[in-house]
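The chain contents come next:
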Amino acid sequence: MSKAGADAAIGRRGLMLVLSSPSGAGKTSISRALLERDANLRMSVSVTTRPPRPGEVDGRDYRFISKPEFDCMVGAGDLLEHARVFDHHYGTPRAPVEAALAAGHDVLFDVDWQGTQQIAQCAPQDLVRVFILPPSTTELERRLRTRAQDTDEVVRGRMSKAVSEMSHWPEYDYIVVNRILEESVTKVMAILAAERLRAYRQTGLPDFVNGLSGE
Ligand code: 5GP
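Residues numbered from 1 in each chain as written. Predicted model: local features only at pLDDT ≥ 70, side-chain atom pairs only at ≥ 80, totals over all residues. Heavy atoms only, no water.

S.K.: Quick question: what am I supposed to make of the site of the ligand here?
M.R.: By nearness alone, 19 residues border the ligand, and Ser46, Arg50, Tyr62, Tyr90 and Asp110 come closest of all. At a separation of 2.9 Å, an oxygen atom of the ligand approaches a polar side-chain atom of Arg53. The side chain of Tyr62 places a nitrogen or oxygen atom 2.5 Å from an oxygen atom of the ligand. When the ligand sits alone it has 510 Å² of accessible area, and the protein chains cover 96% of it. Those elements giving two or more residues to the shell around the ligand turn out to be β5 (79-85) and β6 (88-93). In terms of residue class, the shell around the ligand is built from six nonpolar, six polar and seven charged. (Near = heavy atom within 4 Å. Polar contact = N/O pair within 3.5 Å; in protein donor to acceptor, adjacent residues only side chain to side chain. Areas by Shrake-Rupley, 256 points an atom, 1.4 Å probe, with all protein chains shown as cover. Helix = DSSP H or I, 4+ residues; strand = E, 2+ residues; numbered from the N terminus. Nonpolar A, V, L, I, M, F, W, Y, C, P; charged D, E, K, R; others polar.)

S.K.: What's the story with the sheet that holds strand β3 (residues 47-48) in this structure? I'm lost.
M.R.: By definition, the strands of a sheet pair up through backbone hydrogen bonds, in either a parallel or an antiparallel sense. Read across the open sheet, the four strands follow the order β4-β3-β6-β5; overall the sheet is mixed. Every other strand in the sheet has two partners, leaving β4 (63-64) and β5 as the edge strands with one partner each. Inspection of the sheet shows β5 paired to β6 by six bridges, in the antiparallel sense. Within β6, the position partnered with Ala83 by the bridge is Tyr90. (Pairing = 2+ DSSP bridges.)

S.K.: I keep staring at the sheet that holds strand β7 (residues 106-110) and nothing clicks. Help me out?
M.R.: Strand order in this open sheet of five strands is β2-β7-β1-β8-β9, and the pairing throughout is parallel. Both outer strands of the open sheet, β2 (41-43) and β9 (174-177), are each paired with one neighbouring strand and no more. Neighbour to neighbour, the strand axes of the sheet diverge by 25° on average, direction disregarded. Note that β2 and β7 share three bridges and pair parallel. Across the sheet, residue Arg42 finds its bridge partner in β7, namely Val107. The strands touched by helix α4 (residues 94-102) are β1 (16-20), β2 and β7; relative to β7, the strand with the most contacts, the crossing angle is about 150°. (Axes fitted to C-alpha atoms, helices over the stretch in contact; angles between N-to-C directions. Contact = heavy atoms within 4.5 Å.)

S.K.: Explanation requested: the confidence of the model for the chain in the structure shown.
M.R.: Fine structural detail should not be taken from predicted coordinates in areas where pLDDT scores are low. For the chain, the average pLDDT comes to 91, and 94% of its residues sit at 70 or higher. Throughout residues 1-5 the model reports pLDDT below 50, and contacts reaching past four residues in sequence, or to other chains, amount to six contacts. (pLDDT = per-residue confidence, 0-100.)

S.K.: Is there a simple way to explain the packing of aromatic side chains in this structure?
M.R.: Within a pair of aromatic rings, the relevant descriptors are the distance that separates the centres and the angle that separates the planes. Here the structure, examined in full by the defined rule, presents three aromatic pairs. Chaining the aromatic ring pairs together yields one cluster made of Tyr62, Phe64 and Tyr90. (Phe/Tyr/Trp six-rings, centres within 6.5 Å; stacked < 30°, edge-to-face > 60°.)

S.K.: Quick question: what am I supposed to make of the pattern of salt bridges here?
M.R.: A side chain of one charge can pair with a side chain of the opposite charge when the charged atoms of the two come close. Enumeration over the complete set of coordinates arrives at 18 salt bridges. Between Arg32 and Asp61 there is a salt bridge whose closest N-O contact spans 3.5 Å. In this pair, Arg32 sits in helix α2 (residues 27-37) while Asp61 sits in the loop between β3 and β4, placing the two residues 29 residues apart along the sequence. Note that Asp173 and Arg129 form a salt bridge whose closest N and O atoms lie 2.9 Å from each other. (Salt bridge = Lys/Arg side-chain N within 4 Å of Asp/Glu carboxyl O.)

S.K.: Got a minute to help me understand the pairing of β1 in this structure?
M.R.: Regular strands have side chains that alternate between both faces of the sheet. Extensive coverage of β1 is indicated by the burial of five of its five residues. In terms of strand pairing, β1 meets β7 through four bridges, oriented parallel. Note on β7: the bridge partner recorded for Leu19 is Asp110. Two elements, β1 and strand β8 (residues 127-133), share five bridges in a ladder whose sense is parallel. Considered in β8, the bridge of Leu19 is made with Val130. (Buried < 20%, exposed > 50% of the residue type's maximum accessible area, 1.4 Å probe, protein only.)

In structure tokens:
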């Protein structure tokens, strides 16, 4: 291999990594760990009409907006996807995702199965879908209660919806059962590493290989 070939970074398309799961399966902890460890990954911050939970920060966890503002964004085509989940509306602002991908970053999404289906329709090649399952429904309920941010009624509602959400697992490329957080993070990082190496994502390969054969 020539020195130039060995040193050159091969150009690559950014990918869209979607993590979905029922609430309480550990997706937020996995996302935080991925963002800490992977400098190239950017989080897509959703907009929502849901009120903030204690500790949530506007602009970091979500952009908390009113229903009229949400409707306005939908009307203007500013959302890449949007869905009603539980009694609230959620959506992915389009512009930051496009900017991150154009800058060569990969983007991490925490969206439900409805959002995943919509992204799959507009960008199937760029999408990598990971579904996080809890080890058991008992553990799921324990995690929802330990989080102690939702009322009993909300927890009951989320438990009953978890079963229908989990039925969407076959629509995903990878399934991770989140028994031990550290192991789950390692698995998702392995998925990310492999997906980055897919031939069609490495857009700089033709030039790189030409350089190799020109030696
Ligand atoms: P939570 O209210 O617990 O933060 O989120 C509830 C559900 O909404 C989760 O399943 C989460 O993945 C989903 N969600 C969060 N943001 C978005 C979004 O922008 N689009 C869609 N479709 N779902 C979202």
